[in-house]
Amino acid sequence: MTRYRNAFFTMSAASLCTLFASGCTDLKPAQAQLDDLKAQLSQISPKIANADNQALAAADSASRAASTAKQAQSTADKAMATAQSNQQAIEAINEKIDRMFKKSVSK
């Protein structure tokens, strides 16, 4: 927000310097323009502050979403590891059952 104010004041100062350098003796039009610019700045400043607040809220929301996504990924990784471990255990049990069946059939 201060960046816009600095730009405004720099623009205003440059305009006034130009008017003085050109030999303008009537400052009323320049003062009117300066007052108009100040009025515009006072209208824009709250909008800029509101936009800044909205951007900060969006960044906070995005950060929370990223954290939630990391937690979900961690849970999914754990579930995958458990599923793989269970699959290996099932395969080992099936092999044992097959061996027992083959032993009973061969006798």
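Note: the structure precedes this text.
To start, this report covers the structure provided alongside it.

What counts as what
- Residues numbered from 1 in each chain as written.
- Predicted model: local features only at pLDDT ≥ 70, side-chain atom pairs only at ≥ 80, totals over all residues.
- Heavy atoms only, no water.
- Helix = DSSP H or I, 4+ residues; strand = E, 2+ residues; numbered from the N terminus.
- Buried < 20%, exposed > 50% of the residue type's maximum accessible area, 1.4 Å probe, protein only.
- Areas by Shrake-Rupley, 256 points an atom, 1.4 Å probe, with all protein chains shown as cover.
- Expected span 1.5 Å × (residues − 1).
- Bend = angle between axes of the 7 residues up to and from the residue.

It is worth spelling out the overall build of the protein chain at this point. A count of helical and extended segments in the protein chain gives two helices and zero strands. Expressed as a percentage of the 107 residues in the protein chain, the buried residues total 7%. As displayed, the protein chain has an accessible area near 8900 Å², and 60% of this comes from carbon and sulfur atoms.

Time to look at helix α2 (residues 28–106). Helix length check: α2, at 79 residues, gives a terminal C-alpha distance of 114 Å against a target of 117 Å (1.5 Å per residue), a fit within 8%. At I44, α2 is deflected by roughly 25°, the largest bend along its length, and proline P46 occurs up to four residues later in sequence.

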